[in-house]
Amino acid sequence: MLSFPSSKSCPIAKPARQHLRSSLLDSFCGSKSLSFNPKSLQIKAMEASLDYHFGTQLQTHIKTPTSLKIAIIGFGNVGQFLAKTFVSQGHTVLAHSRSDHSDTAAKLGVSFFSDPHDLCEEHPEVVMLCTSILSTKSVLESIPFQRLRRSTLFVDVLSVKEFPRSLFLEILPEEFDILCTHPMFGPESGKNGWAGLPFMYDKVRIGNDDIRISRCGRFLDVFAREGCRMVEMSCADHDKYAAESQFITHTMGRILERFGLESSSINTQGYETLLKLVENTAKDSFDLYYGLFIYNNNAMEQLEKLELAFQSLKRELSGNLQSLYSRQLFEDEGE
Ligand code: NAP
């Protein structure tokens, strides 16, 4: 018998409990149209006390009232990485990608749709773009918006931000909400959990009504619940800071990869850091790195600054060497 705790033992207010009860029943039935007799359902796990933590304890099995239906478009490296956490938090996850990722999706508990029309007809509340920066425009233009609900939240996780912001504002129907985000971590740096890792977001266009505000909040809460450091910042500021930090990090990693670092038994800690940097950045696709360069207006300036810094260092070294030689020459002549 599906049992709910008595009002005495449950800290959730009665109206909320009733809402919760019907949501849970909906989740078990899958659809309201199914005929269902709650009395016949045996769910022993539910007999444990239902407190505020019920969501985290049972979320892998039960859709909570806060759970979202999230569609991921671009089910590559990052799409799959984020999907794992969405599923573990009890959200319903759908995916579409250029390649067939249906086997991986099935293993992760994600429904894969090779046709974007079919995915949109599932009416996800959130559509999250996880495609490469370079393909974003063509992928966005290929989404059949008319099959989505009039109010849908569009999110992107691109590593550049002004570009998707302008694209969303230009291409998406006006009724859609827009949230631009950048998890400042990926499958490599976030493999041991997301606690303390920065998550940048910009609420570019979120409608005023409670449902839209709550939907955006519930989406952001996915990351907050994992312990991410939530940073609200404009897309323009993001691109400025990211060019100075992330783009330079990737550039150094790729230079050192080409340089060919080798490990030996006397590696210093600093050298180990460099080896790790190469490992972290080389696993990302070249498309990603190229996207950071092409679609961040500040990247070229940073690249030039880096080159000047390298030349200036080289000049200082050669200058010192030259004065040493000259001193030695004078000394030899003096002798
Ligand atoms: P990526 O190489 O930037 O993107 C791979 C994804 O893009 C795959 O889903 C791929 O689809 C799709 N794609 C590539 N070219 C396409 C095309 N011409 N048409 C349609 N789809 C195309 O690798 P990623 O690391 O997974 O990054 C995905 C996004 O997350 C990027 O925008 C990146 O900036 C952002 N991001 C990355 C990290 C990170 O640490 N890697 C962290 C935060 C944010 P198929 O797999 O179906 O071919």
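What you see is a predicted model, and the numbers here were worked out from it, not measured in a lab.

Chemist: Looking at this structure, how should I read the packing of aromatic side chains?
Modeler: Where two aromatic rings form a pair, the distance of their centres and the angle of their planes describe that pair. Applying the stated criterion across every chain, the model contains 18 aromatic pairs. Look at Phe 154 and Phe 176: their rings are 5.5 Å apart centre to centre, the planes differ by 10°, and that puts the pair in the stacked class. One end of the pair, Phe 154, is in strand β5 (residues 153-156); the other, Phe 176, is in the loop between α7 (162-171) and β6 (177-183), and 22 residues separate them in sequence. In this pair, the class of Phe 154 matches that of Phe 176, namely buried. Ring geometry for Phe 286 against Tyr 289: centres 5.9 Å apart, planes inclined by 70°, an arrangement best described as edge-to-face. With Phe 286 and Tyr 289 both in helix α11 (residues 286-294) and three residues apart, the pair spans about one turn of that helix. Looking at Phe 286, the relative accessible area reads 42%, which means it is partly exposed. Each member of the aromatic cluster is reached from another via a ring pair, and the members are Phe 81, Phe 86, Phe 185, Trp 194, Phe 199, Phe 219 and Phe 223.

Chemist: What is the right way to look at helix α9 (residues 235-259) in this model?
Modeler: In an α-helix, one turn spans 3.6 residues; hence positions three or four apart end up facing the same way. In a regular helix each residue adds 1.5 Å, so 25 residues correspond to 36 Å; α9 covers 33 Å between its end C-alpha atoms and thus fits that length. Maximum bend of α9: about 50°, positioned at Ala 242. Once α9 finishes, Gly 260 follows within two positions and takes phi at roughly 85°, a positive value.

Chemist: What am I meant to see in the nonpolar core here?
Modeler: Generally speaking, a soluble globular protein has its nonpolar side chains buried in company with each other. Grouped together as the largest cluster of nonpolar side chains are 32 residues, with contacts concentrated most on Leu 140, Ile 143, Phe 145, Leu 148, Phe 154, Phe 168 and Leu 172. A domain split of this core shows at least three residues from each of domain 1 (69-233) and domain 2 (241-329). Apart from the residues within four sequence positions on either side, Ile 143 is in contact with Ile 73, Cys 120, Leu 129, Leu 148 and Phe 154.

Parameters at a glance
- Residues numbered from 1 in each chain as written.
- Predicted model: local features only at pLDDT ≥ 70, side-chain atom pairs only at ≥ 80, totals over all residues.
- Heavy atoms only, no water.
- Phe/Tyr/Trp six-rings, centres within 6.5 Å; stacked < 30°, edge-to-face > 60°.
- Helix = DSSP H or I, 4+ residues; strand = E, 2+ residues; numbered from the N terminus.
- Buried < 20%, exposed > 50% of the residue type's maximum accessible area, 1.4 Å probe, protein only.
- Expected span 1.5 Å × (residues − 1).
- Bend = angle between axes of the 7 residues up to and from the residue.
- Core = buried A, V, L, I, M, F, W, Y, C linked by side-chain atoms within 4.5 Å.
- Domains from an automatic or database assignment.
- Contact = heavy atoms within 4.5 Å.

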